[in-house]
Amino acid sequence: MRPVRADGYQEFAVARAGHLYRSACLLTGGDTHLAEDLVQETLGRLYVKWGRVRRADNPVGYAQTVLTRTFLAHQRRRSSRERATDVIPDGPAAPGTDASLRLTLVEALAQLPPKDRAVVVLRYWEDRSVEETAAAMNASSAAVRTRCVRALARLRVLLGDAIGEYAAP
């Protein structure tokens, strides 16, 4: 058995787990159970490679890339598209957020194909550049731009004019 890594992994994992979970919830379209599994797998992979991760220029970006690739790999190998539930459990809302807007956006994200959803989360939730998103998804910059345009157009169709009623005046 490997010795416990006391060189910063635990602090990193505790500090980033919440953010990784929120990103995973967006990637999975609100499937909180799958999001927990993805975060667990991501943290496990980071633990194994921690020596390399802690020396990376951006360990946070590295973790997000591992999460995204784990999600995409899960979507490729998934044998069934069934979901246990389509209801997002109630939880404490962050101060200053509109729960109905969040639910509407998560439901719309859930209707996007997995790669389009990943592009939207990385570009607009994680605020990554096209190049960073392409590297995280192991795709070309042109593919990322194309997916962004397609995903945003689909979100506009899904949300339509209804999004205006949720927007703050």
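On a predicted model such as this, the values are computed, not experimentally measured, just so you know.

Asker: Got a sec to walk through the overall build of the protein chain? Specific residues and values, please.
Answerer: Within the protein chain, the regular secondary structure consists of 9 helices and 0 strands. From first element to last, N terminus to C terminus, the protein chain shows the α and β order α-α-α-α-α-α-α-α-α. When the 169 residues of the protein chain are sorted by exposure, 37% land in the buried category. For the protein chain, the share of sequence-separated contacts (at least 6 apart) that also reach a separation of at least 24 residues comes to 69%. For the protein chain, the computed accessible surface area is about 10,300 Å², with 54% contributed by carbon and sulfur atoms.

Asker: Could you give an account of the confidence of the model for the protein chain, naming the residues involved and the relevant values?
Answerer: Mean pLDDT over the protein chain: 82, with 79% of residues reaching 70 or higher. Per-residue pLDDT, averaged within each element of the protein chain, yields its smallest value for helix H9 (residues 163-166) (55) and its largest for helix H2 (residues 32-48) (93).

Asker: I'd like to hear about the side chain of Thr65, residue by residue, with values.
Answerer: Note on placement: Thr65 falls in helix H4 (residues 59-77). Thr65 gets classed as buried once you look at its relative accessible area, which sits at 18%. If sequence neighbours within four positions are ignored, Thr65 has contacts with Arg128 and Ala136.

Cut-offs applied
Sequence order as written defines residue numbering, which begins from 1 separately in each chain. Local features in this predicted model are restricted to residues whose pLDDT is 70 or higher, and side-chain atom pairs enter the listing and the counts only when it is 80 or higher, whereas totals over whole chains, interfaces and linings include all residues. Hydrogens are left out, water is left out, and the side-chain values use all remaining heavy atoms of the structure. Each helix is a run of H or I in the DSSP string that is no shorter than four residues. Each strand is a run of E no shorter than two, and both are numbered from the N terminus. Only protein chains enter the accessibility calculation, which uses a 1.4 Å probe. A residue is then buried if its area is under 20% of the maximum for its type, exposed if over 50%, and partly exposed in between. For this analysis, residues touch if any pair of their heavy atoms sits within 4.5 Å. To measure how exposed things are, a 1.4 Å probe is used in the Shrake-Rupley method; for residues, cover is taken only from the protein chains shown. What pLDDT expresses is the predictor's confidence in each residue, scored from 0 to 100.

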